[in-house]
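Each chain, letter by letter, is given below.
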Amino acid sequence: MSIRFESVTKRFGEATFALSDVSFGVDPGELVVLTGPSGSGKTTIMRLLIREYTPEEGEVFFEDQSLAKLRHRQVPTHRRQIGVVFQDYKLLSELNVWENIALPLSIIGKDEAETESRVTDLLKLVGLTDKAYLFPSQLSGGEAQRISIARALATGPSLIFADEPTGNLDPAASLEVIKLLRQINRLGTTVLIATHDAIVLEFLKAERQLELKLGKLVHDSRPHQKAKKPVETKEAAESETLPEPEETEVESLDDDEPAEKAAVKKVPEVEKPKSHRPKTEEKSDNSKKSAKKPAHAVT
Ligand code: ADP
Ligand code: MG
């Protein structure tokens, strides 16, 4: 998964420049911290990536595909490649944890067996297997955010964009969430974290940082040649030497490596969405299950 912003300007009206002539590139497998004060344009970058916004000037590329050239009907498939994590989690309150994670899978028509195995792996990855049958209101903020990360990973996106993921969390929960995002990155998914949280910035200071101010990219701690021009030859690609990030220990939230790898692996696309209702009954004994049953049918 690669991203390229080429001289991107996004305006609202005549005077508000959410982004002003912004150029940068992100290579597959990178972890990039997008920082800058409130209003500097971080969320706008996410909305451009999911093609919710289109720029007034410049071009955004995802996997070398110009997003301006995506047809309307291609947008949902494009969006499936990007898992977005929000500050306020955006879990559905009437669905339990298991069903929240399963929802994106049911939307793309995954069968019950695959859904069950994926949700199981994802719950293991985020370390919350024992919370599967709780509802969002029964979770701490940190737990809710870890579930929203599991949901973002459900369809096997190549990019996770976490937009102020620790904005509602205390320092301890913030670090757990950031360590989880870093672990997901180390398992192979490209991760962008938009944040102005000092704790997060300090913790990720060895990672690449892009800094925005009033819509301008004012600093890139590891600029890429690709931001301006794609590398054309193999030799040029090989000569592109980037400083290695400081080695830090991988904090594993779970010892089960193969399950973690499986949890972030790509889910192949299916042709036609079909209706699916997550199977919760057989999954646990009644003592684990919440008394409330969600009155919903996922379509
Ligand atoms: P950040 O995420 O860094 O806080 P945003 O990308 O949300 O910043 O916003 C950047 C600027 O663009 C702000 O001035 C904001 O008010 C403006 N902006 C963003 N989205 C919209 C919109 N949909 N309509 C009008 N102005 C917007
Ligand atoms: Mg924002």
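What you see is a predicted model; the values in this text were computed from it and never measured. (Residues numbered from 1 in each chain as written. Chains lettered and ligands numbered in written order. Predicted model: local features only at pLDDT ≥ 70, side-chain atom pairs only at ≥ 80, totals over all residues.)

Student: Let's hear about helix α4 (residues 112-125): which residues, and what values?
Tutor: Over its 14 residues, α4 runs 20 Å from end to end, which matches the ideal 20 Å to within 8%, given 1.5 Å per residue. Burial in α4 covers these residues: Thr115, Arg118, Val119, Asp121, Leu122, Leu123 and Leu125. Once α4 ends, the next one or two residues include Gly127, with phi positive near 70 degrees. (Helix = DSSP H or I, 4+ residues; strand = E, 2+ residues; numbered from the N terminus. Expected span 1.5 Å × (residues − 1). Buried ≥ 20, exposed ≤ 12 C-beta atoms within 10 Å, placed from the backbone.)

Student: Kindly report on unusual backbone geometry, identifying the contributing residues and their values.
Tutor: The residue Asp21 is not glycine, and still its phi comes out positive at about 50 degrees. Structurally, the position occupied by Asp21 is in strand β2 (residues 16-26). A positive phi angle, close to 60 degrees, is found at Arg51, a residue other than glycine. By secondary structure assignment, the location of Arg51 is in the loop between α1 (42-49) and β4 (57-62). The exposure class assigned to Arg51 is partly exposed, which follows from the 19 C-beta atoms found within 10 Å.

Student: Outline the site of ligand 1, supporting the account with residue identities and numerical values.
Tutor: Near ligand 1 you find Phe12, Thr16, Ala18, Gly36, Ser38, Gly39, Ser40, Gly41, Lys42, Thr43 and Thr44, and these make up its full shell. For the shell around ligand 1, the element with the highest residue contribution is α1, accounting for three residues. Grouping the constituent residues of the shell around ligand 1 by class yields two nonpolar, eight polar and one charged. (Near = placed C-beta within 6 Å. Nonpolar A, V, L, I, M, F, W, Y, C, P; charged D, E, K, R; others polar.)

Student: With reference to specific residues and values, describe the sheet that holds β4.
Tutor: With respect to topology, four strands assemble into an open sheet ordered β2-β1-β4-β5, the strand pairing being antiparallel. For this open sheet the edge positions go to β2 and β5 (65-66), each flanked by a neighbour on one side alone. α1 rests against β1 (3-12), β2 and β4 of the sheet, and its axis sits at about 115 degrees to β1. (Pairing = 2+ DSSP bridges. Contact = placed C-beta atoms within 7 Å. Axes fitted to C-alpha atoms, helices over the stretch in contact; angles between N-to-C directions.)

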